[in-house]
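# Observations on the model geometry
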Amino acid sequence: MKQHFGDDVDITWKSFLLRTEPKPMSRDKFVSYTQGWERMAEMEPRASFVPWTSESTNEPPASSLPAQVAHKVVEASWPDAAEALHWRLLRAYFTESRTISDWNVLAEVVADVGVDRSEFVTMVGEQRAAMAQLVIDEHNSAIEQGITAVPTVVINGVLPVPGAQDSDTYINWIERILERQADAPA
């Protein structure tokens, strides 16, 4: 959206836990689940969704909490790397079949965006509990607002657009809101 609207939009990513408790899933069940990503790939060809295969040697993620905590740690300690990490985590999960609930994998992914691995591990040790609470608080806030789908894009603080949508859908909604704001009396 930033490429389309530039500084006319501000994007804030919030945490939403897909698995609130670590819950291992059988490889076969997880591989079957990821086949649904093909629909998302058709909707948004610029995104890269590669379903996991039974040949993958990586375990399915057991929880979404570690990756979200890792992002919060980077956002707090290396804010310039936070956006790159967001996209790198998505690629690691949706394209590379990486186990992003594994702290060793997360340290590798964080290093990929230029953060020193050992410094990251130290910061996780210091901030893990506080950042986990921040993730949980954001998740609970979303639930209180009635958000249950991932992703849900809340436009202008009031218009929730639930579920994966193609870029044109978001662009149309944002353009309408920007037009209304421009037409509103000062």
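Just so it is clear, the model here is predicted, and its values are computed rather than measured. (Residues numbered from 1 in each chain as written. Predicted model: local features only at pLDDT ≥ 70, side-chain atom pairs only at ≥ 80, totals over all residues. Heavy atoms only, no water.)

### Here's the deal with the environment of Glu126
Summarising the element assignment, Glu126 is placed in helix α7 (residues 117–144). Residues Glu126 and Ala76, 50 residues apart in the sequence, show an inter-C-alpha distance of 12 Å. (Helix = DSSP H or I, 4+ residues; strand = E, 2+ residues; numbered from the N terminus.)

### So, the packing of aromatic side chains
Applying the stated criterion across every chain, the model contains nine aromatic pairs. Summarising the aromatic geometry, the rings of Phe30 and Trp52 are spaced 4.8 Å apart at their centres and angled 85 degrees between planes, so their arrangement reads as edge-to-face. On the criterion of sequence distance, the pair formed by Phe30 in helix α2 (residues 27–34) and Trp52 in the loop between α3 (37–43) and α4 (65–77) is long-range, its members being 22 residues apart. What makes Phe30 buried here is its relative accessible area of 1%. For Trp52, a relative accessible area of 1% translates into the label buried. Ring centres 5.1 Å apart and planes at 80 degrees place the aromatic pair Phe49 and Phe94 in the edge-to-face group. Of this pair, Phe49 sits in the loop between α3 and α4 while Phe94 sits in helix α5 (residues 79–94), and the two are 45 residues apart along the sequence. A relative accessible area of 17% means that Phe94 is categorised as buried. In this structure an aromatic cluster arises from ring pairing among Phe30, Tyr33, Trp37, Phe49, Trp52, Tyr93 and Phe94. Taking the ring centre of Trp173 as reference, the NZ or CZ of Arg176 above it sits at 5.1 Å. (Phe/Tyr/Trp six-rings, centres within 6.5 Å; stacked < 30°, edge-to-face > 60°. Buried < 20%, exposed > 50% of the residue type's maximum accessible area, 1.4 Å probe, protein only. Lys NZ or Arg CZ within 6 Å of the ring centre and 35° of its normal.)

### Describing the packing of α5 against helix α6 (residues 103–112)
Look at α5 against α6: their axes get within 9 Å of each other, and the N-to-C directions meet at 130 degrees. Here α5 is positioned oblique relative to α6, judged by the angle of their axes. Considering how the two elements wind past one another, α5 and α6 form a crossing that is right-handed. Residues Leu85, Arg88, Leu89 and Ala92 of α5 touch α6, and the partners they reach there are Leu106, Val109, Val110 and Asp112. Across the contact of α5 with α6, the residue classes tally to six nonpolar, no polar and two charged. (Axes fitted to C-alpha atoms, helices over the stretch in contact; angles between N-to-C directions. Parallel < 35°, antiparallel > 145°, perpendicular 65-115°, else oblique. Left-handed = near helix turned anticlockwise from the far one by under 90°. Contact = heavy atoms within 4.5 Å. Nonpolar A, V, L, I, M, F, W, Y, C, P; charged D, E, K, R; others polar.)

Spatial relationships are all this shows, so hold off on functional conclusions.
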